[in-house]
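# Secondary and tertiary structure notes
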Amino acid sequence: MSNSGYEARYYKKLSNNSTQCVLCPHFCIIADGDSGFCRSRQNTNGTLYAINYGECVSLAMDPIEKKPLYHFYPGSYVLSTASNSCNLACPFCQNSEISQYKTQTKFVPPEQMVETALSEKSIGIAYTYTEPLTWFEYLMETAKLAYAKGLKNILVTNGMINPEPLKELMPYIDAANIDLKSMDESFYKTLLKGNLQTVLETIKSCKKLFHIEITNLLIPGHNDSAELISKLIDFVVEVGVDTPLHFSRYFPHYNFDFPPTPAATLEFAYKLAKEKLYYVYAGNIELPETSNTYCPQCNNLLIRRHHLNTEIPGIIKNKLKGKAKASTCPTGNKCSKCGRQTDIIIC
Ligand code: SF4
């Protein structure tokens, strides 16, 4: 099937051939011939079409650590793909070339995507780089097929989706890295054209059902005050002290051209978060030991990471037997020093 005839999910028909998309909190009202804010759905004669269905801007095998996911199959590779749209307008977007502008895409049907993941011996499929939730129809179909074949489905997302479609999607997802860009509602609303409350609710819902990690890009003068960093840490504590939190360094890109985040800001955030959370990381920067995973009980080095190379010196794997061994990768792995059960999923 090509994308041109693929009717969108989650929309309402209004008068005068107009439609309203209810997939995300933008609730775009889309007149005949127009597209929504994210450019992924278009109204033609009163029917809303998912015009990005199956249209991929990227397809590559990535280290799982690049997502970043540090506690889900560390050291593995995952087939990573993306659509050509996003429902935020972050002026600092690090992938603006494919998220904010229409660019060349290639149609890859769900069956072919799953076959590619299997033939590449990938652990699954990561829907990443841009915003996968605006790819909802393709994401649902591909994730269901991948799930049936025993592959893992991974989201790297901004969390901007309404509760009903999220509920439909979640049973097919195994892990997610969710961006929490700030705890400032006006930052989301004015700068990103987003909705903080929706993102917070998405994080809480996902945490109940599958493995999540959270990323916060620290941008000088915008979301890096001690007060905002502290508020964000407290929210992650509320979600669960075992939730990995990644602070990431901003670099000038797209519409923001001021200098990168100072190392001192990342060090400050890292140390503050370590006082309350089990697992904290600093990314996009060389700060000794902030990429490693330590046991929260005895501080033993569990996982060592350097430039996306991963070694696991401090974890004793939980040995499953019989059918369980064949069908799943174990949780319940233990720290080699103190025996504490880790929260890390390892094959
Ligand atoms: S998914 Fe796109 S079209 Fe639908 S409400 Fe959100 S921004 Fe608008």
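Residues numbered from 1 in each chain as written. Predicted model: local features only at pLDDT ≥ 70, side-chain atom pairs only at ≥ 80, totals over all residues.

## Section: the packing of helix α2 (residues 110–119) against helix α3 (residues 136–148)
- Between α2 and α3, whose axes approach to 9 Å, the crossing angle comes to 45 degrees. Considering their axes alone, α2 and α3 lie oblique with respect to each other. Pair α2 / α3 crosses with right-handed handedness. Along its contact with α2, which presents P110, E111, M113, V114 and A117, the element α3 presents Y138, E141, T142, L145 and A146.
- Of the residues assigned to the contact of α2 with α3, the class counts are seven nonpolar, one polar and two charged. (Axes fitted to C-alpha atoms, helices over the stretch in contact; angles between N-to-C directions. Helix = DSSP H or I, 4+ residues; strand = E, 2+ residues; numbered from the N terminus. Parallel < 35°, antiparallel > 145°, perpendicular 65-115°, else oblique. Left-handed = near helix turned anticlockwise from the far one by under 90°. Contact = placed C-beta atoms within 7 Å. Nonpolar A, V, L, I, M, F, W, Y, C, P; charged D, E, K, R; others polar.)

## Notes on the environment of I98
- The topology assignment puts I98 in helix α1 (residues 96–99).
- With 20 C-beta atoms counted inside 10 Å, the residue I98 sits in the buried group. (Buried ≥ 20, exposed ≤ 12 C-beta atoms within 10 Å, placed from the backbone.)

## What about the pairing of strand β11 (residues 152–157)?
- Of all the six residues making up β11, six are buried; the element is thus mostly covered by neighbouring parts of the structure.
- Of the two faces of β11, both are covered, the one formed by K152, I154 and V156 as well as the one formed by N153, L155 and T157.
- Bridge analysis of strand β10 (residues 124–127) against β11 gives four bridges, and the strand direction is parallel. Paired with Y127 across the two strands is L155, which belongs to β11.
- Bridging between β11 and strand β12 (residues 175–179) involves four bridges; their strand directions are parallel. (Pairing = 2+ DSSP bridges.)

## Structural notes on the nonpolar core
- Formed by 89 residues in total, the largest nonpolar core has its most connected members in I125, I154, A176 and I203.
- At six residues, the largest contribution of residues to this core is made by α3.
- Structurally, this core is a two-domain feature, drawing no fewer than three residues from each of domain 1 (3–50) and domain 2 (55–291).
- Not counting residues up to four positions away in its chain, the partners in contact with I125 are L79, T81, M113, A117, T142, A146, L151, N153 and I154. (Core = buried A, V, L, I, M, F, W, Y, C linked by C-beta atoms within 7 Å. Domains from an automatic or database assignment.)

## Concerning the site of the ligand
- Around the ligand sit 13 residues, and of these C21, C24, C28, G36 and C38 come closest.
- Here the shell around the ligand is composed, by residue class, of seven nonpolar, five polar and one charged. (Near = placed C-beta within 6 Å.)

## Focus on helix α7 (residues 226–239)
- Here α7 is 14 residues long and its end C-alpha atoms lie 20 Å apart, about the 20 Å a rise of 1.5 Å per residue gives.
- Residues of α7 that are buried: I229, L232, I233, V236 and V239. Along the axis of α7, the buried positions cluster into a sector of 115 degrees, meaning they face one direction only. The exposed set on the far side of α7, more than 90 degrees from its buried face, consists of A226, E227, D234 and E238.
- Against α6 (196–209), β13 (211–218), β14 (245–249) and α8 (263–274) lie the buried residues of α7.
- At the exit of α7 stands G240, carrying a positive phi of roughly 155 degrees. (Expected span 1.5 Å × (residues − 1). Arc of directions from axis to C-beta.)

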